[in-house]
Amino acid sequence: MEIIKTMKNNIWYSNPIAFQVLGVCSALAVTVQLENSLVMGISLTLTVAGSNFILSSIRNYIPHNIRIIVELAVISSLVNVIDELLLAYYFEMSKALSVFVGLIITNCIVMGRAEAFALANAPIASFWDGIGNGVGYAIVLAIIGSIREIFGSGCILGYKIVPEAIYSLGYVDNGLMLFPPAAFILLGMFICCLKAAGGATGEEK
Amino acid sequence: MYSNKYVITFTTLMCIIISFVLAGTSSVLKERQLYNKQVDIQRNILNAAGISVKNMTEVEAKYNELVTPMTISVQGNILEQSEDLDGHKLFSIRDVETSKAYAYVYPIIGKGLWSTLYGYLSVTPSGNRIIGITFYKHGETPGLGAEIEKNWFRKNFIGKELYKNGNFKGITVAKGKSENELGYKNNKKHIVDGISGATITSKGVEKMLASEPLKYHKFFLNTCNTMGDRYGNNQNNEK
């Protein structure tokens, strides 16, 4: 039950993007297509969960004055491992995400959760906090990624879904959707809707 | 507070553990990554020649079927030993029906703003008209210099010509739209749209296309003579 509660809090009430407004830059950059967004979401979830778990397990041994360095060392090694795995097993995706996988290191969610949660809580709880935050991030990315892919290129996961008949009636793909500003606008509208629906308030219920 | 001794021991231990983890993953995955890179290069060669392929197995199959790698000397002769260091790499692409080479692909290397650009250029058998260009490795700014690997920029080059009236001319990469460049009317075939905001990368591509094709000049001169096609002069023959 604890787990479900943490997940719900992290995804709905204090979603990392919508409420904590962390990790927005990568959300703008990789959401051109749904597939990129999903891989990025999964990579980030693994990183946050892993770093939260590791840091939480050694939290009583980390010298307080160098804790940021220790956090960064752990996070960047995890990201490196994920980068290597992508290069070996998902080469095209690794090319499409290019520098952004490496930039997970600087993604504020990872550092933020390590500082705010992992250093003060037990490993298992921290692990689930990481999963919850990662999934919360991934869901937002997936929603924005699919909107951008549908309206920007008429596809979903690379398959054409907007029928040719509509194109022949004069419909055109929206070029703006392919650029980062579109993600910014969509993200704003998304947060607005979420707040209207009672989410992203930050209150734990 | 922790003592200095504790802090130093802790960091040393941490570094040792992390380096083992990283070195371990890197060496375990190395073989697969190299294989991926190899296939990616093959895909780039095929793409440069205008052949589109979907997945990795298809890349390998098509590559083995259509592509013949060779090495040519500075004098333009085909070398038997591909290990010759002075030679230049060249790939001939076979047409499925006539089984004659309809395109040659060669690597092009040049300097961008931040990094070295690596790519492939594909030309017609006379070495004049460009069939396609790809870039497979670079470290340019995403959204600016990195646009060189995007389709719109690469499509620019298709049909452009490296020679004008039998002399090497190269390709000018304009600042922004090519129509606005000086002398556009007389050089339509030798000018492409550049990337606004990435002038240095664009100029890098231009320099690369001014020097790299010259390495193959003699080879194409030889093949053209045997084919009876006057070099770059007779553009209608190539349609």
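Residues numbered from 1 in each chain as written. Chains lettered and ligands numbered in written order. Predicted model: local features only at pLDDT ≥ 70, side-chain atom pairs only at ≥ 80, totals over all residues.

**Student:** Which parts of the structure should I look at to understand the overall build of chain B?
**Tutor:** Scanning chain B from N- to C-terminus turns up 5 helices and 10 strands. A total of 239 residues make up chain B; the buried ones form 31% of that total. Put simply, 50% of the contacts in chain B that link residues at least 6 apart link residues at least 24 apart. (Helix = DSSP H or I, 4+ residues; strand = E, 2+ residues; numbered from the N terminus. Buried ≥ 20, exposed ≤ 12 C-beta atoms within 10 Å, placed from the backbone. Contact = placed C-beta atoms within 7 Å.)

**Student:** Explain the pairing of strand S1 (residues 67-72) of chain B here, please?
**Tutor:** For a regular strand, side-chain orientation follows a simple rule: the groups alternate between the two sheet faces. All names here are of chain B. As paired strands, S1 and strand S3 (residues 88-94) are joined by 6 bridges and run antiparallel to one another. Looking at the pairing, Val 67 lines up with Ile 93 of S3. Bridge analysis of S1 against strand S2 (residues 78-79) gives 2 bridges, and the strand direction is antiparallel. Note on S2: the bridge partner recorded for Ile 72 is Ile 78. Between S1 and the antiparallel strand that follows it, S2, lie 5 residues; Gly 76 among them carries a positive phi value of about 95°. (Pairing = 2+ DSSP bridges.)

**Student:** It is not clear to me how helix H2 (residues 56-66) of chain B should be interpreted in this structure. Could you clarify?
**Tutor:** Side chains three or four residues apart in an α-helix point the same way, a direct result of the helix having 3.6 residues per turn. All names here are of chain B. Looking at H2, one finds that the buried residues are Val 59, Tyr 63 and Leu 66. Projected down its long axis, H2 carries its buried residues within an arc of 90°, all on one side. Among the exposed residues of H2, those pointing more than 90 degrees away from its buried face are Thr 57, Ala 61, Asn 64 and Glu 65. The inward-facing, buried residues of H2 abut helix H1 (4-48), S1 and S3. (Arc of directions from axis to C-beta.)

**Student:** Is there a simple way to think about the nonpolar core in this case?
**Tutor:** Within the largest apolar cluster, 50 residues are counted, with the highest numbers of intra-cluster contacts made by Ala27(A), Leu44(A), Tyr137(A), Val140(A), Leu141(A) and Ile144(A). Looking at this core, the elements with two or more residues in it are helix H1 (2-13), helix H3 (34-57), helix H4 (67-89), helix H7 (108-116), helix H8 (123-153) and helix H10 (180-196) of chain A. Tallying contributions element by element places H8(A) first for this core, with 9 residues. Each residue touching Tyr137(A), except ones within four places of it in the same chain, is listed here: Pro16(A), Ile17(A), Gly23(A), Gly41(A), Leu44(A) and Ile109(A). Listed in part, the 41 residues of the second largest apolar core include Leu46(B), Ile72(B), Ile133(B) and Leu162(B). (Core = buried A, V, L, I, M, F, W, Y, C linked by C-beta atoms within 7 Å.)

**Student:** How should I be thinking about the interface of chain A and chain B in this particular structure?
**Tutor:** Size of an interface: often given as the accessible area lost when the parts come together. On the chain B side, the residues contacting the 15 residues of chain A number 17 residues. Considering each element in turn, the side of chain A that touches chain B owes the most residues, 9 residues, to H4(A). Taken together, the residues that form the side of chain A that touches chain B break down as 11 nonpolar, 3 polar and 1 charged. (Nonpolar A, V, L, I, M, F, W, Y, C, P; charged D, E, K, R; others polar.)

**Student:** Would you take a moment to explain H10(A) for this structure?
**Tutor:** Residue and element names in this part refer to chain A. The terminal C-alpha atoms of H10, which comprises 17 residues, lie 25 Å apart, in line with the 24 Å expected from a rise of 1.5 Å per residue. Turning to H10, its buried residues number three or more, namely Ala 182, Ala 183, Leu 186, Leu 187 and Phe 190. Buried residues along H10 cover an arc of 130° about the axis, so they all sit on one side. Summarising the geometry of H10, the exposed residues directed more than 90 degrees from the buried face are Pro 181, Ile 185, Gly 188, Met 189, Cys 192 and Ala 196. Taken together, the buried residues of H10 touch helix H2 (24-29) and H8. Of the residues one or two after H10, Gly 198 is the one with positive phi, at around 95°. (Expected span 1.5 Å × (residues − 1).)

**Student:** I tried to follow the environment of Cys108(A) on my own but got confused; where do I start?
**Tutor:** Residue and element names in this part refer to chain A. Tracing the backbone through its elements, the reader meets Cys 108 in helix H7. Distance in space between the C-alpha atoms of Cys 108 and Cys 25 is 9.5 Å, their sequence separation being 83 residues. Excluding residues within four positions of it along the chain, Cys 108 makes contact with Leu 22 and Gly 23.

**Student:** So what exactly am I meant to see when it comes to the sheet that holds strand S6 (residues 130-137) of chain B here?
**Tutor:** Neighbouring strands of a sheet are bound in pairs by backbone hydrogen bonds; such pairs are parallel or else antiparallel. Residues and elements named next belong to chain B. Taken in spatial order, the 6 strands of this open sheet run S2-S1-S3-S4-S5-S6, and their pairing is antiparallel. Two strands in the sheet have a free side with no partner beyond their single neighbour: S2 and S6. In terms of strand pairing, S3 meets strand S4 (residues 101-111) through 4 bridges, oriented antiparallel. By the bridge assignment, Ser 92 is partnered in S4 with Tyr 104.

**Student:** Is there a simple way to explain the confidence of the model for chain B in this structure?
**Tutor:** Detailed reading of the predicted coordinates is not advisable wherever pLDDT is low. Residues and elements named next belong to chain B. Overall, the prediction assigns chain B a mean pLDDT of 83, with 90% of residues at 70 or greater. Taken as a whole, residues 228-239 scores under 50 in pLDDT and shows 19 contacts with residues more than four places along the chain or in a different chain. Both scores are given for the predicted complex: the pTM is 0.73, the ipTM 0.76. (pLDDT = per-residue confidence, 0-100.)

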